[in-house]
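The lines below spell out each chain.
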Amino acid sequence: MEIPLLRYQSVSLDQISNACSFPFTLSDRKLNLFKDKCLFSGYCFSFSKRKWRNPFDRIRCSSLEQGLQPWLKPKPSKIDVGERKETVLEEPQMRKPSPGLCNQIEKLVFNKRYRGALELFEILEAEGGFELDSSTYDALISACIGCLMKCRRGIWLPERNLVSWNTIITGLVDSGDYVEAFRLFFITWEESSDAGSRTFAMMIRASAGLGCISAGRQFHLCALKMGVADDIFVACALIDMYSKCGSIEDAQCVFDEMPEKTTVGWNSIIAGYALHGYTEEALGMYFEMRDSGVEMDHFTFSIFIRICTRLASLEHAKQAHASLLRHGFGLDIVANTALVDFYSKWGRVEDARRVFDKMPQKNVISWNALIAGYGNHGRGEEAIEMFEQMLQQGMIPNHVTFLAVLYACSYSGLSERGWEIFKSMSRDHNIKPRAMHYACMIELLGREGLLDEAFALIRSAPFKPTANMWAALLTACRVHENLELGKFAAEKLYGMEPEKLSNYVVLLNIYNSSGKLKEAADVVHTLRRKGLRMLPVGSWIEVKKQPYFFLSGDKSHAQKKEIYQKVDNLMLEISKHGYVPERKYLLPDVDEQEARVLLYHSEKLAIAFGLISTPGWTPLQIVQSHRICGDCHSAIKLIAMVTGREIVVRDASRFHHFRDGSCSCGDYW
């Protein structure tokens with residue numbers, strides 16, 4: 001995937017000064033809140049009270065520049081992080097406090113009883129020698145911020161200097177109160193017209209939190225004028241801000257201008273590319289970082305593992321795992337959680353569990369990853385068991401936890417447990433179910449054929465039904481061939497997602513299966529009138545760390561003869577076990593050509609290539625952007641049985657873990 005070439009131009013000091021005038025150009029809803037609160041109205045920075053540290057003869061920001069200079073990205077090379085001998089310092093033995101005490105501290109903070117939480121912490125500190133979990137420390141930080149906020153709104157700080165202002169601004173940004181951080185920044189600026197590098201870094205972070213690139217750009221230019229733009233904290237905040245606001249070119253430009261590219265800087269730009277789906281570019285930047293000799297930390301490896309998750313690269317993930325151990329990060333909570341997530345998503349749930357069990361500390365994200373892993377592969381009972389263990393150990397679940405466990409119940413058909421957990425969200429945990437939680441329950445009802453109950457749940461939701469909720473109902477109508485309700489759900493989706501092709505194709509399948517050929521023809525006519533067409537799609541498989549891509553009926557591969565012969569042999573073998581090609585449906589998200597090459601769909605070709613290219617004991621992992629069709633789903637179940645292979649397919653709907661003639665989805669997707 002190509003990135004637009006960067007453009008460069010020098011900017012005058014007059015442009016910089018003009019850039020430091022407010023109001024910003026505000027367009028999104030959150031930033032209109034600024035106008036409502038009169039934060040930016042008529043505001044202008046004044047620099048008359050300070051001397052310049054040094055003049056500026058350059059600004060290099062791609063969004064403002066003209067001219068052309070190419071940026072050559074490195075090509076991925078073999079990962080081989082060199083061995084390093086790390087000096088291990090012995091640390092004093094720390095005791096773990098009672099889980100009940102930590103849980104009590106977190107509950108006090110949750111209920112805004114900050115002083116009580118801090119007093120309980122003082123008791124632990126007085127005894128000494130205790131090591132708290134990260135979640136408890138997070139709660140204590142929130143308590144400190146809460147106390148500061150009450151102090152600021154009541155009795156002002158006795159000494160108001162840059163340090164005290166920065167402390168409160170940092171607390172506001174860390175707690176996500178970005179609007180209040182902006183307000184306080186302007187008060188600070190009115191008093192002293194001064195701001196240090198940390199202040200600008202915090203305000204750039206606040207701009208990123210609000211998704212306001214215009215504010216971030218002006219803080220960038222002001223930081224340049226005040227001589228702090230090269231500060232590592234400011235530069236990394238800028239890379240993060242531009243990345244989160246969708247301008248990866250500007251993020252790369254800031255990174256290129258850093259006088260010293262630190263570990264944090266590299267991590268920020270790699271994460272930026274990964275965030276926006278530029279997976280190959282992110283991988284290339286990782287290799288460049290490795291080759292530059294900059295020290296890699298646990299965040300580097302955790303980002304790399306997440307890139308491997310996107311690429312479905314098991315071999316690279318294994319090497320990252322080994323590198324973690326070699327570099328002394330084997331017990332790091334962030335990197336190990338990324339490993340749990342990777343192994344869980346790609347069918348290696350036992351490996352994920354081994355990593356999880358060895359973690360000395362676990363946070364809610366760690367638990368969520370493993371619960372979701374069990375659920376994705378149809379192991380709902382184990383997912384519920386982990387959820388219950390999580391509660392028993394005093395860990396506080398969040399909305400993602402409930403999303404994972406409800407999906408697990410849905411995938412495994414655990415209706416009663418699902419409803420029990422759904423009701424406990426607001427009753428026992430003070431978490432209001434969101435639209436995705438409702439979508440899980442609609443899917444759970446739909447799996448059991450309770451379509452009227454699913455429709456009633458949509459109508460009873462305390463908010464406007466979302467596309468995900470209607471899509472879950474439409475899928476249920478497709479599976480159970482409920483024409484009338486399916487048409488109603490599809491019409492709702494048309495209004496919300498008029499250009500999404502799969503919604504039309506699902507309804508088309510319902511009409512075809514019900515023999516409603518006239519109605520099916522009308523859907524096809526609608527597609528043509530809207531200019532929507534089914535584009536060719538394909539499947540990926542990684543063999544020996546090399547990705548291979550197949551289209552349906554693809555004959556471009558060097559081993560096409562062997563691949564097609566393998567497919568033919570497989571079809572002959574599984575036909576002995578009852579396989580009959582299904583020609584019932586036009587396939588979701590694919591083109592008409594695939595209906596003519598039913599036996600040679602892209603996933604079948606990818607699996608055949610994997611079978612002839614890998615040892616018999618290795619699982620196969622397939623990635624595709626379209627929903628797997630019914631014929632391929634039936635065929636792959638039998639292929640897994642006759643070959644004795646585990647086959648994991650990640651399609652547009654979910655993970656399908658094929659083993660011994662069955663699929664983890666329970667034939668519902």
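In what follows, the structure referred to is the one given above.
Only a predicted model underlies this, so the values are computations on that prediction, with no experimental measurement involved. (Residues numbered from 1 in each chain as written. Predicted model: local features only at pLDDT ≥ 70, side-chain atom pairs only at ≥ 80, totals over all residues. Heavy atoms only, no water.)

## Let's talk about the overall build of the protein chain
Moving on, step 1. If you tally the helices and strands in the protein chain, you get 31 helices and six strands.
Moving on, step 2. The buried share of the protein chain, taken over its 669 residues, is 51%.
Moving on, step 3. Put simply, 69% of the contacts in the protein chain that link residues at least 6 apart link residues at least 24 apart. (Helix = DSSP H or I, 4+ residues; strand = E, 2+ residues; numbered from the N terminus. Buried < 20%, exposed > 50% of the residue type's maximum accessible area, 1.4 Å probe, protein only. Contact = heavy atoms within 4.5 Å.)

## Overview of the pattern of salt bridges
Moving on, step 1. Counting across every chain of the model gives 20 salt bridges.
Moving on, step 2. One salt bridge connects glutamate 388 with arginine 417, and the closest N-O pair in it is separated by 2.8 Å. Here glutamate 388 is found in helix α19 (residues 380–392), whereas its partner arginine 417 is found in helix α21 (residues 415–429), with 29 residues between them in sequence.
Moving on, step 3. The exposure class of arginine 417 is partly exposed, given its relative accessible area of 25%. (Salt bridge = Lys/Arg side-chain N within 4 Å of Asp/Glu carboxyl O.)

## Re unusual backbone geometry
Moving on, step 1. One non-glycine residue, glutamate 481, lies in positive phi territory at about 55°.
Moving on, step 2. With a phi angle near 65°, aspartate 667 is a residue other than glycine that sits in the positive phi range.
Moving on, step 3. Its location among the elements puts aspartate 667 in the segment after β6 (662–663).

## Focus on the sheet that holds strand β3 (residues 620–624)
Moving on, step 1. Spatially, six strands are ordered β2-β1-β3-β4-β5-β6 in an open sheet, and the strand pairing comes out mixed. This sheet does not close on itself; its edge strands, each paired only once, are β2 (546–551) and β6.
Moving on, step 2. Judged from the four bridges that link them, β3 and strand β4 (residues 647–650) form a sheet pairing that is parallel. Bridged to leucine 620 within β4 is isoleucine 647.
Moving on, step 3. Lying on the sheet, helix α31 (residues 630–643) is in contact with β4, β5 (655–659) and β6; it crosses β5 at an angle near 40°. (Pairing = 2+ DSSP bridges. Axes fitted to C-alpha atoms, helices over the stretch in contact; angles between N-to-C directions.)

## Thoughts on the packing of helix α28 (residues 560–575) against α31
Moving on, step 1. Where α28 contacts α31, the axes come no closer than 10 Å and their chain directions differ by 90°. With respect to α31, the axis of α28 lies roughly perpendicular. Residues Leu570, Met571, Glu573 and Ile574 of α28 lie in contact with α31, whose contacting residues are Ala635, Leu638, Ile639, Val642 and Thr643.
Moving on, step 2. Each residue belonging to the contact of α28 with α31 can be placed in one class, and the counts come to seven nonpolar, one polar and one charged. (Parallel < 35°, antiparallel > 145°, perpendicular 65-115°, else oblique. Nonpolar A, V, L, I, M, F, W, Y, C, P; charged D, E, K, R; others polar.)

## Some remarks on the packing of helix α22 (residues 435–447) against helix α24 (residues 467–480)
The description of two packed helices rests on the angle between their axes and on the distance between the axes.
Moving on, step 1. Contact geometry of α22 with α24 gives a least axis separation of 8 Å together with a crossing angle of 10°. If you check the angle between α22 and α24, you find them roughly parallel. Contact residues: Ala435, Met436, Tyr438, Ala439, Ile442, Glu443, Gly446 and Arg447 in α22; Asn468, Met469, Ala472, Leu473, Ala476 and His480 in α24.

## Digging into the side chain of threonine 309
Moving on, step 1. One can find threonine 309 in helix α14 (residues 298–311).
Moving on, step 2. With relative accessibility at 11%, the residue threonine 309 sits in the buried group.
Moving on, step 3. If we skip the residues at most four places from it in the chain, threonine 309 touches Asp341, Phe342, Lys345 and Trp346.

## Here we look at the state of the cysteines
Moving on, step 1. What the rule picks out here adds up to zero disulfides.
Moving on, step 2. There is no disulfide at cysteine 665, and the cysteine sulfur nearest it, in cysteine 663, is 3.5 Å away. (Disulfide = S-S within 2.5 Å.)

## A few points about the environment of threonine 300
Moving on, step 1. Position of threonine 300 relative to the elements: it lies in helix α14.
Moving on, step 2. It is 8.2 Å that separates the C-alpha atoms of threonine 300 and tyrosine 286, two residues lying 14 residues apart in sequence.
Moving on, step 3. Beyond its immediate chain neighbours, meaning those up to four positions away, threonine 300 contacts Thr263, Asn267, Tyr286 and Met289.
Moving on, step 4. Within the local environment of threonine 300, its side chain forms a polar contact with the side chain of aspartate 297, the two groups lying 2.9 Å apart. (Polar contact = N/O pair within 3.5 Å; in protein donor to acceptor, adjacent residues only side chain to side chain.)

## Brief notes about α21
Moving on, step 1. Helix length check: α21 (15 residues) gives 20 Å between terminal C-alpha atoms against 21 Å at 1.5 Å per residue, within 8%.
Moving on, step 2. The largest bend along α21 reaches roughly 35° and is located at lysine 423.
Moving on, step 3. Of all the positions in α21, only Ser415, Gly418, Ile421, Phe422, Ser424 and Met425 are classed as buried.
Moving on, step 4. The inward-facing, buried residues of α21 contact α19, α20 (399–412) and α22. (Expected span 1.5 Å × (residues − 1). Bend = angle between axes of the 7 residues up to and from the residue.)

## Some points on the packing of aromatic side chains
Moving on, step 1. Across all of its chains, the model carries 26 aromatic pairs by this definition.
Moving on, step 2. For the ring pair tryptophan 346 and phenylalanine 655, a centre distance of 5.2 Å and an interplane angle of 80° mean the geometry is edge-to-face. Remark: phenylalanine 655 occurs in strand β5 and tryptophan 346 occurs in the loop between α16 (333–345) and α17 (349–358); sequence separation between them is 309 residues. A single burial state applies to tryptophan 346 and to phenylalanine 655, both of which are buried.
Moving on, step 3. Where tryptophan 470 meets phenylalanine 488, the ring centres are 5.8 Å apart and the plane angle is 70°; that geometry is what we call edge-to-face. Of the two residues, tryptophan 470 sits in helix α24 while phenylalanine 488 sits in helix α25 (residues 483–496), which places them 18 residues apart along the sequence.
Moving on, step 4. By way of ring pairs, the aromatic residues Phe182, Phe185, Phe186, Phe200 and Phe219 are connected into one cluster.
Moving on, step 5. The residue whose ring lies beneath arginine 650 is phenylalanine 655, and the NZ or CZ to ring-centre distance is 4.8 Å. (Phe/Tyr/Trp six-rings, centres within 6.5 Å; stacked < 30°, edge-to-face > 60°. Lys NZ or Arg CZ within 6 Å of the ring centre and 35° of its normal.)

## Focus on helix α11 (residues 248–257)
The α-helix advances 3.6 residues per turn, and as a result positions three or four apart in sequence lie on the same side.
Moving on, step 1. Burial analysis of α11 places eight of its 10 residues in the buried class, the great majority of the element.
Moving on, step 2. Buried within α11 we find Ile248, Glu249, Asp250, Ala251, Gln252, Cys253, Val254 and Phe255.
Moving on, step 3. In the core, the buried residues of α11 are packed alongside α9 (213–225), α10 (232–244), α12 (263–275) and α13 (279–292).

## Comments concerning the nonpolar core
Moving on, step 1. Of all hydrophobic cores here, the largest spans 146 residues; its most connected members are Phe200, Ile269, Ile270 and Leu473.
Moving on, step 2. Shared between two domains, this core holds at least three residues of each, these being domain 2 (159–258) and domain 3 (261–361).
Moving on, step 3. Core analysis: the next-biggest nonpolar cluster, separate from the first, contains 32 residues, Ile541, Leu611, Ile622 and Cys632 among them. (Core = buried A, V, L, I, M, F, W, Y, C linked by side-chain atoms within 4.5 Å. Domains from an automatic or database assignment.)

## Some words on a nonpolar patch on the surface
Moving on, step 1. The grouping of Trp540, Phe549 and Leu551 at the surface amounts to a nonpolar patch, some 260 Å² of accessible area in total.
Moving on, step 2. In this structure, phenylalanine 549 sits in strand β2. (Patch = residues over 30% accessible without salt bridge, like charges linked within 9 Å, V, L, I, M, F, W, Y side chains within 5 Å. Areas by Shrake-Rupley, 256 points an atom, 1.4 Å probe, with all protein chains shown as cover.)

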